[in-house]
Amino acid sequence: MGNTLDVREMAPKERHPMIFNTFKDLGSGEHFVLVNDHDPRPLLYQFQNEHDGEFDWWPLEQGPQAWRIMIVRRKEAGIDRTITEYLQTDHRRLDAIFERFQDAVQGQRWEDASSDFREFSLGLRRHIKVEEEILFPAFEEKTGMTESGPTFVMKMEHTEIKDLLDRITASTDAKDGGKATGGAREIFNILSDHNMKEEHILYPESDAFLTEAERAQVIKKAQTA
Ligand SMILES: [Fe+2]
Ligand SMILES: [Fe+2]
């Protein structure tokens, strides 16, 4: 597990040097969670300029009081990244949060369950947004496949998934164990199949159709989503 770096009490000019030093001290595959009192977007741009390909940037909370970002030092640093590796990593990361959520529901730790699910929901909505607004349009433009292609099916499933996210959030906040567990089972089943199709078909095809520069562009844009 990584550690937390809360910079909210620090003088603004000390923040960035502190953050980059913390990043430099990370071993391969390690991460820390940055906590700040505003959207740290300029920081992300600085990371993209100075550490392109070396990091992953996963928002866990996006205001209004606190912004929490998981910053990872990638195992295989390099600018030539694939869509498959990038989005599959996010699937795995979300799976782990979901497992934590299920454990919390099982143990009736409702506060943990609610905050875990908020984190899961934020991450998955952002993931879907990246797919629908950045990856799918690039894929459709290259292949000419829209109405009958794989992205069409994925988008329909996204609608179902987002609806379930709302329902599970409501059941969890209402501490309704039966409904939360039922919803969790449903979303798990949809996601297992959905993610498998993306990881085995859509992402590898995207990697094949896009050039190295286009892939890098998709990932750079995805980080800022
Ligand atoms: Fe998806
Ligand atoms: Fe996905």
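Structural data are supplied above this passage.
Keep in mind it's a predicted model, so treat the numbers as computed, not measured.

Student: Could you clarify how one ought to interpret the coordination of the iron ion (ligand 1) in this entry?
Tutor: Octahedral metal centres with six donors ideally show angles of 90 or 180 degrees, and tetrahedral centres with four donors ideally show 109.5 degrees. The iron ion (ligand 1) binds to the protein through Glu131 (OE), His158 (NE2), His194 (NE2) and Glu198 (OE); the donor distances cover 2.0 to 2.2 Å. Geometry at the iron ion (ligand 1) is irregular, judged from the 4 donor atoms that bind it and their angles of 82 to 173 degrees at the metal. Mapping the donors of the iron ion (ligand 1) onto the primary sequence gives the spacing E-x26-H-x35-H-x3-E. If you look at the iron ion (ligand 1) and the iron ion (ligand 2), they sit 3.4 Å from each other and are both ligated by glutamate 131. Taken together, the residues span a long stretch of sequence, with histidine 158 in helix α5 (residues 150-173) and glutamate 198 in helix α6 (residues 177-209) at a distance of 40 residues.

Student: For this particular structure, what's the right way to read the coordination of the iron ion (ligand 2)?
Tutor: Within the protein, the atoms that donate to the iron ion (ligand 2) are His91 (NE2), His127 (NE2), Glu131 (OE), Glu198 (OE) and Tyr203 (OH), at distances of 2.0 to 2.3 Å. Within one chain, the residues donating to the iron ion (ligand 2) are spaced in sequence as H-x35-H-x3-E-x66-E-x4-Y. According to the relative accessible area criterion, histidine 127 is buried, its value standing at 3%. Among the residues examined, tyrosine 203 registers a relative accessible area of 0% and is labelled buried.

Student: Honestly, the pairing of strand β4 (residues 67-73) in this entry has me stumped. Any pointers?
Tutor: In regular strands, side chains alternate between the two faces of the sheet. Among the 7 residues of β4, 6 are classified as buried, and the element is accordingly described as predominantly covered. Both strand β2 (residues 31-36) and β4 contribute to a ladder of 6 bridges, which runs antiparallel. Each residue of the ladder has a partner; that of histidine 31, found in β4, is valine 72. Count of turn residues in the strand β3 (residues 55-62)/β4 antiparallel hairpin: 4 residues, of which glycine 63 carries a positive phi of about 75 degrees.

The rules behind the values
Residues numbered from 1 in each chain as written. Chains lettered and ligands numbered in written order. Predicted model: local features only at pLDDT ≥ 70, side-chain atom pairs only at ≥ 80, totals over all residues. Heavy atoms only, no water. Donors = N, O, S within 2.8 Å, 3.2 Å for Na, K, Ca; no water. Tetrahedral: all angles 85-135°; square planar, octahedral: opposite > 155°, others 65-115°. Helix = DSSP H or I, 4+ residues; strand = E, 2+ residues; numbered from the N terminus. Buried < 20%, exposed > 50% of the residue type's maximum accessible area, 1.4 Å probe, protein only. Pairing = 2+ DSSP bridges.

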